[in-house]
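# Residue-level structure breakdown
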Amino acid sequence: MTVLLARGRYRARLAETTTDLRATQALRYLVFVGHGGARPRTGGLDADSFDERCRHVLIEEVAGGALVGCFRLLPTSGAEITDSYAAQYYDLTRLARFAGPMLEMGRFCIRPDVHDADVLRVAWGAITRCVDANAVGFLFGCASFAGIDPSRYGAAFDLLAARHNAPAKLAPGIGAAQVFRFGAAGVIDAAAAMAQMPPLLRTYLTMGGWVSDHAVIDPDMNTLHVFTGVEIAAIPPARARSLRMIAGGDPVAVQ
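Below you will find a few notes about this structure. What you see is a predicted model; the values in this text were computed from it and never measured.

Turning to the pairing of strand S6 (residues 101-110), a few remarks are in order. Counted residue by residue, S6 has 8 buried out of 10 residues, so it is predominantly covered. Relative to S6, strand S4 (residues 67-77) runs antiparallel, the two being bridged by 8 bridges. The partner of Leu73 across the bridge, within S6, is Met105. Considered for its hand, the β-α-β crossover made up of S6, helix H2 (residues 117-133) and strand S7 (residues 138-146) is right-handed.

When glycine is set aside, most residues are seen to have a negative phi, and most peptide bonds are trans. Although it is not a glycine, Arg107 adopts a positive phi angle of roughly 50°. Of note, Arg107 is situated in strand S6. Non-glycine residue Ala135 carries a positive phi angle of around 50°. Locating Ala135 in the fold gives a position in the loop between H2 and S7.

Attention shifts here to the environment of Phe138. Here Phe138 is to be found in strand S7. The sequence separation of Phe138 and Phe98 amounts to 40 residues, and the corresponding C-alpha distance is 8.3 Å. Ignoring any residue separated from it by four or fewer positions in sequence, one finds Phe138 in contact with Leu95, Phe98, Pro101, Met102, Leu103, Trp210, Phe227, Gly229, Val230, Glu231 and Ile232.

Before going further, it helps to spend a moment on the environment of Gly137. Turning to its location among the elements, Gly137 is positioned in the loop between H2 and S7. Residues Gly137 and Phe98 lie 39 residues apart in sequence; the distance between their C-alpha atoms is 8.7 Å. When neighbours within four sequence positions are excluded, Gly137 is seen to be in contact with Phe98, Pro101, Val230, Glu231 and Ile232.

For the pair H2 and helix H6 (residues 237-247), the least separation of the axes is 8 Å and the interaxial angle reads 100°. With respect to H6, the axis of H2 lies roughly perpendicular. Residues Arg121, Trp124, Gly125, Thr128, Arg129 and Asp132 of H2 lie in contact with H6, whose contacting residues are Leu243, Arg244, Ile246 and Ala247. Split by residue class, the contact of H2 with H6 holds 4 nonpolar, 2 polar and 4 charged.

Burial in helix H1 (residues 18-34) covers these residues: Asp20, Leu21, Thr24, Gln25, Leu27, Arg28, Tyr29, Leu30, Phe32 and Gly34. Along its buried surface, H1 packs onto strand S2 (10-14), strand S3 (55-61), S4 and S6.

What follows concerns the nonpolar core. Core analysis: the largest hydrophobic core is formed by 52 residues, its most contacted members being Met105, Trp124, Phe145 and Leu201. Take this core: its biggest share by element is 9 residues, from H2. Among all residues touching Met105, those that are not within four sequence positions of it are Phe71, Arg72, Leu73, Trp124, Ile127, Leu139, Phe140, Gly141, Cys142, Leu200 and Tyr204. Of all hydrophobic cores here, the second largest spans 21 residues; its members include Cys54, Tyr89, Phe98 and Phe138.

Another aspect to go through is the pattern of salt bridges. The full count for this structure, using the stated rule, is 15 salt bridges. Close ionic contact of Glu60 with Arg13 constitutes a salt bridge, the shortest N to O distance being 2.9 Å. Of this pair, Glu60 sits in strand S3 while Arg13 sits in strand S2, and the two are 47 residues apart along the sequence. With respect to burial, Glu60 and Arg13 carry one shared label: buried. Arg121 is paired through a salt bridge with Asp118; the nearest N and O atoms lie 2.6 Å apart.

Attention shifts here to the packing of aromatic side chains. A ring pair, where both rings are aromatic, is described by two values, the distance of the centres and the angle of the planes. Evaluated as defined, the whole model comprises 16 aromatic pairs. Considering the side-chain rings of Phe157 and Phe182, the 4.9 Å spacing of their centres and the 25° angle between planes classify their relative orientation as stacked. Here the residue Phe157 occupies a position in helix H3 (residues 154-163), and Phe182 occupies one in the loop between strand S9 (179-181) and helix H4 (190-196), the gap between them amounting to 25 residues. Accessibility expressed as a relative area gives 3% for Phe157, which makes it buried. Ring pairing ties together the aromatic residues Tyr90, Phe98, Phe138, Phe140, Trp210 and Phe227, which thus form one cluster. Stacked on the ring of Tyr85, the Lys or Arg Arg72 has its end atom at 5.4 Å from the ring centre. One cation-aromatic arrangement involves Arg107 over Phe32; the distance from NZ or CZ to the ring centre is 6.0 Å.

Conventions we followed
- Residues numbered from 1 in each chain as written.
- Predicted model: local features only at pLDDT ≥ 70, side-chain atom pairs only at ≥ 80, totals over all residues.
- Heavy atoms only, no water.
- Buried < 20%, exposed > 50% of the residue type's maximum accessible area, 1.4 Å probe, protein only.
- Helix = DSSP H or I, 4+ residues; strand = E, 2+ residues; numbered from the N terminus.
- Pairing = 2+ DSSP bridges.
- Right-handed = clockwise from strand over helix to strand, strands pointing away.
- Contact = heavy atoms within 4.5 Å.
- Axes fitted to C-alpha atoms, helices over the stretch in contact; angles between N-to-C directions.
- Parallel < 35°, antiparallel > 145°, perpendicular 65-115°, else oblique.
- Nonpolar A, V, L, I, M, F, W, Y, C, P; charged D, E, K, R; others polar.
- Core = buried A, V, L, I, M, F, W, Y, C linked by side-chain atoms within 4.5 Å.
- Salt bridge = Lys/Arg side-chain N within 4 Å of Asp/Glu carboxyl O.
- Phe/Tyr/Trp six-rings, centres within 6.5 Å; stacked < 30°, edge-to-face > 60°.
- Lys NZ or Arg CZ within 6 Å of the ring centre and 35° of its normal.

And the structure:
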């Protein structure tokens, strides 16, 4: 068992068997497909062609091994970024010029009945180890908002447009058929905006992360998602120290 990080009640480890992979796909199905109704749908698998190319991380309870969260990682660089999952929905031509290794984090999810902030901390500690081990210069992915109605997230999208737009030299372009373009923000209600933000995106923003200028409307996944990236060298020093304190130990390479 390759454990990336163990802290308190939880550990993050690499998937090593088909059973591990199926467990992550079942959790993804529950979170992304089956959790919208009054009675969550189970028994399905959320699987795609990228699963074979990624390393999968399980976040489990140390005692008993219950799965509480998961995500997958895809190392990439340069022009290879156009073969990433995000490149299906965004024009990443500008990012193909980024010098150095990149890492795509995708399908991040936490079991709906789990509300312990330590799960997210362990996840980010594990990601930090992977970033350091692979000398990653840019971490990216798609941050998802539940449902496909943009009006539910007006405050959040206004804040993203006003304060967290991608730099022009790296900005993702439109690559999907259905998108919601962020408008010019008026008065920003920061408290309402942060309440609407997915926890993963809030964490990206505390690291100096930035987003695309639009959300992709994805009816298949019943989500709105925005391209989210963070340049590792631009993470505020205090935040970088905090992440490395959580990570501790030696970096773990992901190939």
